[in-house]
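Remarks on the overall topology
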Amino acid sequence: MELTPQAVKPVIDVQNLTKDYYIGEIVVRALRGIDMQIFPGEMVAIMGPSGSGKSTLMNMIGCLDSPTSGDYYLDSLRVSDLHDDELAIVRNQKIGFVFQKYNLLPRIDAIENVALPLRYSEDTSNMRQRAEAALESVGLGDRMRHKPNELSGGQQQRVAIARALVNQPAILLADEPTGNLDSQSGKEVMELLIKLNQQQNTTIVLVTHDPTVALHAQRTIQLFDGLIKAPEAIA
Amino acid sequence: MKFWQALKEAIASIAGNKTRSFLTVLGIVIGVGAVIGVLSIGQGAEASIMGQIESIGTNVIYVFRGNRTEDVTNPKYLTTADADALANRARAPHILNIASVLSGQSSVRFGDESAQTSIMGVTGNYAEVIDLKLSEGSFFTESHITNRSSVVVLGPELAERLTGRQTELVGTTVHINNYPFRVVGVAAAKGGNQFSSPDMDAYIPITAMQLRVKRQNVPNAVDFLLIQAQDSNSIDEAMHEGRTLLRASHRLTSRQPDDFTMTNQEDMLSIANSITNILTIFLAGIAAISLLVGGIGIMNIMLVSVTERTREIGLRKALGARKFDIQLQFLTESAMLSVFGGLIGIGLGWLLGEIVGAVAANSGTPLVPEISLNSVLLATLFSLAVGIFFGWYPALRAANLEPVEALRYE
Ligand SMILES: Nc1ncnc2c1ncn2[C@@H]1O[C@H](COP(=O)(O)OP(=O)(O)O)[C@@H](O)[C@H]1O
Ligand SMILES: [Mg+2]
């Protein structure tokens, strides 16, 4: 907590969040009461064993899914009060999501993939320039016209990061962004994220299994069986 | 998302899968093609028929044997005696002329050339009644009728076919039904796009017709009578007078219905119109069914497409697409697909019309297929409507997908 001045409001404020899944008669309690705050400019790593609820939590933060109970404030907005269309605007403007499986559209080239969120924005001016700038910021200025299948896994994930950044969101969420990559590309992607956080002050929440990655984060949150385990701060 | 972007994406998506897109809209293509094709042929035929009816002249009344609307047992034959009865200035002041017609098919031969065509056995005032002009010679007269003269007036096309020329034919001899006939005149071309061209006909005295070509069991029977009214304003009066005189001539009591039918150009036009209307309704039915089938095809493929692109839809939603954006995207795609199908169908229909027109022209029936701007616009509009209607449900399914669920879809 000493790294985050009290005067600053959290970007993400999660209070007693739970999520139950129902599979027929069986209830899976994926999240069992999460309290968590993330402040502007932070880079937070979420760790925990498989099935501990990391993705579920990320989907809640990313407004892709709604919790069973509890409150979630994003940039002081109470997310549970929002309608479908308002949620879409929040996803478009405030959140950049990076998936484990890049999720690029195969038919269109890198720059068009990056520009996709802009198409759903109010402000559709200078789409091309903004997409180009985002691609350049991830070091792919020379790969704009490449289709996803003409790029390596690491490059594809960097295109996905550019896409997440193109609308200058309040927060970048990455769920195991290196999970599909070999160690070298994984390292490059992680270095990019660290650079974005340090040089551009981008707030980042990422899920990772790699303890060395976690070392670069200012904070690590350990999830275990749907609950946050142990103290938040690490070394 | 802006509409033009949705349009661009739709076109890219359709173009990205050309074979499948084409197969998807095949139903629309065939449906629209069939309708446009048949419609163009129908309109061409309609123009021919209308032209032919209009060539009759507005002040001519046709009289046929029998009654089309009421049952009449043993209707009397129309005869030249009926024609004489109609020629009654005192009781029928609005009737100017009466012509009798007895027609039949027969061979006409000139030297080695011969043709099978319509022979019109007519009275001398026929040319006047139907306003037939001659390019050379003169029409036969009452004395030719009385004398059962073997004289003939050739239609220009028939003359051309038999002799290779249309002039200097007066005085030559042709054989009709193997009897020699002396040519006294050649008719001027009636022109127009007639269905069965009168330019191929040969005109002979009705008496010669009875004697040489079409022997009748009933003496003096004719196929139909033509009554020429004083002018186009006195048609109704002339019909009324003619009817009274004919009923008297046929000795009908006041309780018996007419055993003949009178029609004028206006009646024929309205009959032709009602036939055209039935044809149009029939075509509309085919169109509706084929568009329905085509639309179901589009809906089917759009549903498959939504399923295939579930992850894409989830991703778009994660990036900020609203329900409306997704719906617009898929609706635009199905609408574009359908309109493309419609446009291809219009091309196909045009081709169909041209082919039928060419075949018809080759077999001697001039038929110019017509595609009106209206039918093209209507076909396009209907395809658009079908695309939107049958794309609605798939688009709604896509729009209502939950982002997480969609992203998790394998
Ligand atoms: N859609 C779902 N339906 C049912 N159970 C689910 C669903 N998503 C996740 N779960 C369950 O919730 C728990 C947490 O899953 P998840 O958040 O994906 O874990 P992690 O990302 O940490 O591996 C697991 O037990 C998982 O089986
Ligand atoms: Mg996970």
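With respect to the domain arrangement of chain B
For chain B, the domain assignment lists domain 1 (3-53 + 270-408) and domain 2 (77-249). If you average the C-alpha positions of domain 1 of chain B and of domain 2 of chain B, the two centres end up 52 Å apart.

What to know about the sheet that holds strand E3 (residues 43-47) of chain A
All names here are of chain A. The strand order across the open sheet formed by six strands is E6-E7-E8-E3-E9-E10, and the pairing between neighbours is mixed. For this open sheet the edge positions go to strand E6 (95-98) and strand E10 (227-229), each flanked by a neighbour on one side alone. Each neighbouring strand pair of the sheet contributes to a mean axis angle of 25°, computed without reference to strand direction. Looking at chain direction, E3 and strand E8 (residues 204-207) are connected through four bridges and run parallel. Looking across to E8, one finds that Ile46 is bridged to Val207. Strand contacts of helix H5 (residues 153-165): E6 and strand E7 (171-175), with the helix running at about 170° to E6, the strand carrying the most contacts. Packed on one face of the sheet, helix H6 (residues 183-200) meets E3, E7 and E8 and runs near 140° to E3.

Comments concerning the packing of aromatic side chains
Residues and elements named next belong to chain B. Scanning all chains against the criterion turns up eight aromatic pairs over all chains. Each ring, one from Phe139 and one from Tyr203, has its centre 6.2 Å from the other, and the planes form 55°; the classification is tilted. Here Phe139 is found in the loop between strand E4 (134-137) and helix H6 (142-146), whereas its partner Tyr203 is found in strand E8 (residues 202-205), with 64 residues between them in sequence. Assessed through its relative accessible area of 2%, Tyr203 is described here as buried.

Some remarks on the site of ligand 1
Close to ligand 1 lie 13 residues; Gly51, Lys54, Ser55 and Thr56 of chain A together with Arg408 of chain B are nearest. Mapping the residues adjacent to ligand 1 onto the chains of the assembly identifies chains A and B. At 2.7 Å, a backbone N or O of Gly51 of chain A approaches an oxygen atom of ligand 1. Here an oxygen atom of ligand 1 and a backbone polar atom of Gly53 of chain A are 3.1 Å apart. When ligand 1 sits alone it has 560 Å² of accessible area, and the protein chains cover 70% of it. Considering every element that reaches the shell around ligand 1, the biggest residue donor is helix H1 (residues 54-61) of chain A, with three residues. Residue composition of the shell around ligand 1, grouped by class: five nonpolar, six polar and two charged.

How each quantity is defined
- Residues numbered from 1 in each chain as written.
- Chains lettered and ligands numbered in written order.
- Predicted model: local features only at pLDDT ≥ 70, side-chain atom pairs only at ≥ 80, totals over all residues.
- Heavy atoms only, no water.
- Domains from an automatic or database assignment.
- Pairing = 2+ DSSP bridges.
- Helix = DSSP H or I, 4+ residues; strand = E, 2+ residues; numbered from the N terminus.
- Axes fitted to C-alpha atoms, helices over the stretch in contact; angles between N-to-C directions.
- Contact = heavy atoms within 4.5 Å.
- Phe/Tyr/Trp six-rings, centres within 6.5 Å; stacked < 30°, edge-to-face > 60°.
- Buried < 20%, exposed > 50% of the residue type's maximum accessible area, 1.4 Å probe, protein only.
- Near = heavy atom within 4 Å.
- Polar contact = N/O pair within 3.5 Å; in protein donor to acceptor, adjacent residues only side chain to side chain.
- Areas by Shrake-Rupley, 256 points an atom, 1.4 Å probe, with all protein chains shown as cover.
- Nonpolar A, V, L, I, M, F, W, Y, C, P; charged D, E, K, R; others polar.

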